[in-house]
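# Chains, contacts and geometry: an overview
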Amino acid sequence: MSKNDPYNLDSGPDPATYAAAEPESTTDADRSVAAVGIGPGNLEYLTPRGRRAVQEADVIVGFQTVVDYIADETDADLLTCGYADEADALGEFATRVHDSAIGTAVLMGDPNYSGYQFLGKVQRVVDTPVTVIPGISALQIAASRARTPMEDTQFVTLHKSGSIEADLDRLAEAVGERHLLVLPRPFDWMPGDIAAFLLDAGADESLDALVLERLTHDDEQITQTTLGELSVSAGGSGSESTPYSDLSVLAVRAPIEAEADR
């Protein structure tokens, strides 16, 4: 690809592939580690089942920004990390679980939308089954705000490590025919960059585009524009080079043909 990819996977297969290798084992659910989708960050969207798994845990692992949202909901020991030190945090988590602690991993939104890489890393290090507790994803909120029903929508997450060429190809194939919902990748594939890519792939610059930021939070913001206007913000690789938050969803609406008068 022409754009730099600063995200490098650890050696070995993509952990998302590892996480999806086989169905969940329900027979071992009582002694499993929970992987909880905490929702979009507004705790009104944390499900009762997810809250219970957080409250019952002895030890919780997750990225600092995710753990911060649920820290007041639990008395568990909190193992926080970023990309640089996630291996250390997960190793400590695995040790605690091996010593019979009740372990819960927390992920933003719903793990099934954009969390399988971290889920796979958790699953690799623990010696007990992992049970996913789905959450409410910002994608679901975005679909509601943008009125893009999921059955008519192509969803792609770019918020992951490794190659995203296949994901971009799916967007290019669907743009204009189906609605698009995209999780951008901070900060090299932000909404403007995605818009520019779609235009280069032949998309109509007049297509409606919405950038939905910090959904469900007090400072939620929705920018309604066109694909052509959005592409002006393309380029750059840091937070200062884009007008949009790293907590953004891009929606590109396909044209809707009006029903004939009856």
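Preceding block: the structure.
These numbers were taken from a predicted model, which means no experiment stands behind them.

### Here we look at the sheet that holds strand β1 (residues 33–37)
Pairing between the strands of a sheet is mediated by backbone hydrogen bonds and can be parallel or antiparallel. Overall, parallel pairing links the five strands, which are arranged β3-β2-β4-β1-β5 in an open sheet. Strand pairing shows two members of the sheet lacking a second neighbour, β3 (77–81) and β5 (130–133), which therefore form its edges. Within this sheet the neighbouring strands show an average axis-to-axis angle of 20 degrees, counted without direction. As paired elements, strand β2 (residues 59–63) and β3 share five bridges and run parallel to each other. In the sheet register, Val61 faces β3, and the bridge partner there is Leu79. Contacting β1, β2, β3 and β4 (103–107), helix α4 (residues 86–98) crosses the sheet at an angle of about 155 degrees to β3.

### Looking at helix α9 (residues 191–200)
All of the buried residues in α9 are Pro191, Gly192, Asp193, Ile194, Ala195 and Leu198. For α9, the elements touching its buried residues are α8 (165–174), β7 (179–183), β8 (208–213), α10 (227–230) and β10 (248–252). Of the residues trailing α9, Gly202 is marked for its positive phi of about 105 degrees.

### A short note on the environment of Tyr113
In this structure, Tyr113 sits in helix α5 (residues 111–114). Along the backbone, Tyr113 and Ser137 are 24 residues apart, and their C-alpha atoms lie at a distance of 7.2 Å. Once you skip the residues sitting within four places of it in the chain, Tyr113 turns out to touch Ser137, Leu139, Gln140, Met150, Phe155 and Thr157.

### A look at the nonpolar core
One finds Ile70, Phe93, Val106 and Val122 to be the most contacted residues of the largest nonpolar core, which totals 36 residues. Of the residues forming this core, the biggest block, five residues, is contributed by α4. When neighbours within four sequence positions are excluded, Ile70 is seen to be in contact with Ile38, Leu43, Leu46, Val54, Ile60 and Val106.

### Notes on the pairing of β8
By the criterion of burial, β8 is predominantly enclosed, with five of the six residues buried. Where β8 lies against strand β9 (residues 221–226), six bridges are found, and the strand directions are antiparallel. For Ala209, the partnering residue across the bridge sits in β9 and is Thr225. As judged from the five bridges shared by β8 and β10, these two strands associate in the antiparallel manner. The partner of Glu213 across the bridge, within β10, is Ser248.

### Re α4
The first and last C-alpha atoms of α4 sit 18 Å apart over 13 residues, in line with the 18 Å expected at 1.5 Å per residue. Residues of α4 that are buried: Glu86, Ala89, Leu90, Phe93, Ala94 and Val97. End-on view of α4: buried residues confined to an arc of 135 degrees, all on one side of the axis. Pointing more than 90 degrees away from the buried face of α4 are the exposed residues Ala87, Asp88 and His98.

### What to know about the packing of α4 against helix α6 (residues 116–125)
It is the contact of α4 with α6, at a shortest axis distance of 9 Å, that shows an interaxial angle of 45 degrees. When the axis of α4 is compared with that of α6, the two are oblique. As for the relative orientation of α4 and α6, their crossing is right-handed in sense. Taken together, the residues of α6 that come into contact with α4 (itself represented by Glu86, Leu90, Phe93 and Ala94) are Phe118, Lys121, Val122 and Val125. Here the residues of the contact of α4 with α6 sort into six nonpolar, no polar and two charged.

About the cut-offs
- Residues numbered from 1 in each chain as written.
- Predicted model: local features only at pLDDT ≥ 70, side-chain atom pairs only at ≥ 80, totals over all residues.
- Heavy atoms only, no water.
- Pairing = 2+ DSSP bridges.
- Helix = DSSP H or I, 4+ residues; strand = E, 2+ residues; numbered from the N terminus.
- Axes fitted to C-alpha atoms, helices over the stretch in contact; angles between N-to-C directions.
- Contact = heavy atoms within 4.5 Å.
- Buried < 20%, exposed > 50% of the residue type's maximum accessible area, 1.4 Å probe, protein only.
- Core = buried A, V, L, I, M, F, W, Y, C linked by side-chain atoms within 4.5 Å.
- Expected span 1.5 Å × (residues − 1).
- Arc of directions from axis to C-beta.
- Parallel < 35°, antiparallel > 145°, perpendicular 65-115°, else oblique.
- Left-handed = near helix turned anticlockwise from the far one by under 90°.
- Nonpolar A, V, L, I, M, F, W, Y, C, P; charged D, E, K, R; others polar.

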